[in-house]
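In case you want the letters, here they are:
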Amino acid sequence: FFSILAKADGQAVFKQNCTVCHGEKGEGNGPAAAGMNPKPRNLVKDKFKNGDKPEEIYKTVTNGLNGMPSFASLPEADRRAVADYVNSLRKK
């Protein structure tokens, strides 16, 4: 959606910022997930509250949602790349 090269960059951003809660594969089972309420979303199969299009995922990453913090401090290109990567995890 945002860039052909975004997947690789997005995967690195995801690994650095998201796996602690969402897990290595995005299944909501990261090491911090056990102590969280609500639990982190399973990015592979759970319905997204604000939509699953890359632009909607980007807005969620930027603004945060419920227990998920805002990642507005990350560069815009990183947030767009991770949105593309998260979108690629979805089972179609």
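Our structure's up above, just so we're on the same page.
Our subject in this report is the structure included herewith. (Residues numbered from 1 in each chain as written. Predicted model: local features only at pLDDT ≥ 70, side-chain atom pairs only at ≥ 80, totals over all residues. Heavy atoms only, no water.)

## Comments concerning the overall build of the protein
To keep things clear, this is the line we draw: Secondary structure elements follow DSSP: runs of H or I of four or more residues count as helices, runs of E of two or more count as strands, with numbering from the N terminus. Contact criterion: two residues are considered in contact whenever any of their non-hydrogen atoms come within 4.5 Å of each other. Where accessible areas are quoted, they stem from the Shrake-Rupley method and a 1.4 Å probe; at the residue level, only the protein chains shown are allowed to cover.
Along the protein, the regular secondary structure elements total 4 helices and 0 strands. Listed N to C, the secondary structure of the protein is α-α-α-α in terms of helices and strands. A fraction of 44% describes how many contacts in the protein between residues 6 or more apart in sequence connect residues 24 or more apart. Only carbon and sulfur atoms are counted for the fraction: they give 53% of the accessible area of the protein, which is about 5,700 Å².

## Description of the pattern of salt bridges
Quick note on the threshold: One speaks of a salt bridge when a side-chain nitrogen belonging to Lys or Arg is within 4 Å of a carboxyl oxygen belonging to Asp or Glu. Each residue's exposure class comes from its accessible area (1.4 Å probe, protein chains only) as a fraction of the maximum for that residue type: buried when under 20%, exposed when over 50%, partly exposed otherwise.
If you walk through the whole model with that rule in mind, you get 2 salt bridges. A salt bridge links Glu-55 to Arg-80, with the shortest nitrogen-to-oxygen separation between them at 3.0 Å. Remark: Arg-80 occurs in helix 4 (residues 76-89) and Glu-55 occurs in helix 3 (residues 54-63); sequence separation between them is 25 residues. Assessed through its relative accessible area of 27%, Glu-55 is described here as partly exposed. Between Arg-80 and Glu-76 there is a salt bridge whose closest N-O contact spans 2.8 Å.

## Digging into unusual backbone geometry
Between Asn-37 and Pro-38 the backbone carries a cis peptide bond, its omega angle lying at 5°. If you trace the backbone, Pro-38 turns up in the loop between helix 2 (19-22) and helix 3. If you check the backbone angles, Asn-66 has positive phi at about 50° while not being a glycine. Take Asn-66: its relative accessible area is 57%, and that puts it in the exposed class.

## Describing the state of the cysteines
Here is the rule we go by: Cysteine sulfur atoms are paired as a disulfide whenever they come within 2.5 Å of each other.
For the coordinates displayed, the defined rule picks out 0 disulfides. The thiol sulfur of Cys-18 is not disulfide-bonded, and the nearest other cysteine sulfur, from Cys-21, lies at 8.4 Å.

## Side note on the nonpolar core
Threshold: What is meant by a nonpolar core is a set of buried Ala, Val, Leu, Ile, Met, Phe, Trp, Tyr and Cys residues, joined one to another through side-chain atoms within 4.5 Å.
Core analysis: the biggest nonpolar cluster contains 16 residues, and Phe-14, Leu-43, Ile-57, Val-82, Val-86 and Leu-89 have the highest contact counts within it. Those elements that place two or more of their residues in this core are helix 1 (6-17), helix 3 and helix 4. No other element matches the 5 residues that helix 4 contributes to this core. Discounting chain neighbours no more than four positions away, the residues touching Val-86 are Phe-14, Leu-43, Phe-48 and Ile-57.

## Comments concerning the environment of Ser-88
Just so we agree on the cut-off: Pairing of N or O atoms within 3.5 Å defines a polar contact, subject to two protein rules: one partner must be a possible hydrogen donor and the other a possible acceptor, and residues neighboring in sequence count only if both atoms are side-chain atoms.
When you line up the elements, Ser-88 lands in helix 4. Separated by 77 residues in the primary sequence, Ser-88 and Gln-11 have C-alpha atoms spaced 9.9 Å apart. Side-chain polar atoms of Ser-88 contact the backbone oxygen of Tyr-85, separated by 2.6 Å.

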